[in-house]
Amino acid sequence: MKYTKLGSTGLEVSSLGFGGAPLGSVFGPVSEESAIESVREAIRLGINFFDVSPCYGNAETVLGRALESIPREKFVVSTKCGRYSDGFDFSAQRVLKSVDESLERLKLDYIDIIHCHDIEFGSLDQVISETIPALLGLKRQGKVRFIGMSGLPLAIFRYVLDRVEPGTIDVILSYCHYSLNDSSLEGLIPYLKDKGVGIITASPLAMGLLTESGPPQWHPAPEEIKEACAKAATHCKLKGQNISEMALKFSLSNPDIAITLVGMCTTQQVHENIKAMDNLERSSVDCENILDEVKEILAPIKNKTWPCGRPEN
Ligand code: NAD
């Protein structure tokens with residue numbers, strides 16, 4: 001496993017992070033036993049970063065049970081606040097309660113990273129004036145160690161970071177913007193590095209678009225993107241390659257991105273994703289050619305995304 005420093009936090013994290021949304025059956029039903037086994041196998045094989053949220057079904061509870069018997073220094077947990085199964089609430093009162101609820105479900109004394117979850121659905125000014133100050137209070141109390149924010153539109157990150165004191169936001173979590181079909185996060189990296197903000201990218205498989213089985217029913221991408229990704233996946237398969245492995249290698253190969261989070265819930269996926277990571281340096285001419293062909297198939301939809309959140313954000 002490869003480890004890197006996460007921005008200015010001093011945390012030493014595995015470049016391959018465990019995305020916990022599937023633990024809460026967000027991508028389809030999962031048995032708790034298999035989910036717990038996948039977390040323990042990931043730790044055994046060197047993954048030390050785990051990301052969940054109160055809105056990923058019962059993922060926090062499952063992760064808490066899986067980590068119960070593991071020494072605290074062996075893992076870093078990131079969870080979120082502000083987004084819930086019944087909607088969004090970035091008020092100070094709700095996020096303070098939310099962190100206590102997460103600590104209880106995770107069975108932890110402190111959370112390593114707390115993200116304001118999908119802030120484009122709330123008022124960014126409220127996040128700045130109310131949510132972040134409440135989280136800074138929790139940091140002083142020792143309930144959380146670092147503060148982050150997540151969301152889809154890249155402009156939200158700059159909006160907030162331009163308006164808070166340096167060092168207030170330690171990390172950002174961007175998703176679906178550093179994959180084979182969309183790598184627009186690249187443009188923001190110099191700004192984030194300059195601010196000393198750690199970079200986490202999620203959904204290298206574009207939330208299932210870059211898999212042989214295809215995305216879940218709820219996937220928000222327009223048909224044009226879905227069709228191009230399905231065409232790329234079929235092309236890879238015909239050439240004896242797996243689109244997911246290729247996509248994961250692409251995301252993992254940028255040294256400026258500290259963590260690539262992949263959603264997992266079975267030991268088989270843990271093994272496959274670690275194998276993709278281990279094979280990063282090993283790439284045949286054949287693979288390179290197929291990668292070029294895949295990029296050509298995806299070229300008409302390159303960096304195309306979908307609307308998300310409030311129109312003003
Ligand atoms: P992903 O792109 O990682 O895709 C996950 C899907 O791919 C799941 O169906 C999973 O079972 C499957 N999969 C995993 N490994 C595979 C393999 N080797 N071969 C084939 N299929 C495989 O999408 P994701 O889960 O949405 O993103 C990763 C994680 O990042 C999430 O679990 C979550 O922790 C985080 N995330 C956060 C936000 C946010 O904060 N707004 C948004 C998206 C993701």
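Residues numbered from 1 in each chain as written. Predicted model: local features only at pLDDT ≥ 70, side-chain atom pairs only at ≥ 80, totals over all residues. Heavy atoms only, no water.

**Some thoughts on the site of the ligand**
For clarity, the threshold we go by: Summary of the distance rule: residues count as near a molecule or strand when at least one heavy atom falls within 4 Å of that molecule or strand. Pairs of N or O atoms are called polar contacts if they sit within 3.5 Å, as long as, within protein, a hydrogen donor faces a hydrogen acceptor (for residues adjacent in sequence, only side-chain-to-side-chain pairs). Note on areas: Shrake-Rupley with a 1.4 Å probe; residue coverage comes only from the protein chains shown. Strands here are runs of E lasting at least two residues and helices are runs of H or I lasting at least four, both read from the DSSP assignment and numbered beginning at the N terminus. Under the grouping applied here, Gly and all other residues not named as nonpolar or charged are polar, the nonpolar ones being Ala, Val, Leu, Ile, Met, Phe, Trp, Tyr, Cys and Pro and the charged ones Asp, Glu, Lys and Arg.
Close contacts around the ligand come from 28 residues, with D51, D118, G263, Q269 and N273 the closest. The side chain of S150 places a nitrogen or oxygen atom 2.9 Å from an oxygen atom of the ligand. At a separation of 3.4 Å, an oxygen atom of the ligand approaches a polar backbone atom of A206. Relative to its unbound accessible area of 830 Å², the ligand is 90% covered by the protein chains. Listed by contribution, the elements that provide at least two residues to the shell around the ligand are β10 (171–175), β12 (259–263) and α9 (267–278). Of the residues that constitute the shell around the ligand, the class distribution is 13 nonpolar, 11 polar and 4 charged.

**Details of the state of the cysteines**
Note: disulfide means a covalent bond formed between the sulfur atoms of two cysteine side chains. This is how the line gets drawn: Any two cysteine sulfur atoms within 2.5 Å of one another count as a disulfide. The cut-offs for exposure are 20% and 50% of the maximum accessible area for each residue type, with area from a 1.4 Å probe on protein chains only; residues under the lower value are buried, those over the upper are exposed, and the others partly exposed.
Counted under the stated rule, the structure contains 0 disulfides. Cysteine C81 is unpaired, with the sulfur of C116 as its nearest cysteine sulfur at 4.8 Å. The exposure class of C81 is buried, given its relative accessible area of 0%. C176 takes part in no disulfide bond, and the closest cysteine sulfur to it belongs to C308, at a distance of 9.5 Å.

**Some words on the confidence of the model for the chain**
Note the cut-off: Per-residue confidence from the predictor is reported as pLDDT, a score between 0 and 100.
Chain-level pLDDT for the chain is 95 on average; 99% of the residues reach the 70-or-more range. Scored by ipTM, the complex comes to 0.95, with pTM at 0.95.

**Here we look at the pairing of strand β5 (residues 76–81)**
Selection rule: Strand pairing is assigned whenever DSSP detects at least two bridges linking the two strands. With its strands directed away from the observer, a crossover is right-handed exactly when the path from the first strand over the helix to the second travels clockwise.
Counting buried positions along β5 gives 6 out of 6 residues, so the element sits mostly inside the fold. Taken together, the 3 bridges between strand β4 (residues 49–51) and β5 define a ladder with parallel strand orientation. Paired with F50 across the strands is V77, a residue of β5. Viewed along the sheet, the connection from β4 through helix α2 (residues 59–67) into β5 turns out right-handed. Pairing analysis gives 4 bridges linking β5 to strand β8 (residues 111–116), with the strands arranged parallel. Within β8, the residue paired with K80 across the bridge is H115.

**Structural notes on the environment of G82**
Following the sequence through the fold, G82 ends up in the loop between β5 and β6 (83–84). Expressed as a C-alpha distance, the spacing of G82 and A221, which sit 139 residues apart in the sequence, is 24 Å.

**A few points about the pattern of salt bridges**
This is how the line gets drawn: Put simply, a salt bridge is a Lys or Arg side-chain nitrogen that is within 4 Å of an Asp or Glu carboxyl oxygen.
Overall, the coordinates contain 18 salt bridges when judged by the stated rule. E60 is the partner of R105 in a salt bridge, and the nearest nitrogen-oxygen pair spans 2.7 Å. Separated by 45 residues along the polypeptide, R105 in helix α3 (residues 92–106) and E60 in helix α2 bring together distant segments of the chain. Residue classification places E60 among the buried residues on the basis of a relative accessible area of 1%. Between R145 and D112 there is a salt bridge, and its shortest N-O distance comes to 3.4 Å. Highlighted residues: R145 in strand β9 (residues 144–151) and D112 in strand β8, separated in sequence by 33 residues. Linked through salt bridges whose partners overlap, the residues forming this network are R72, D112 and R145.

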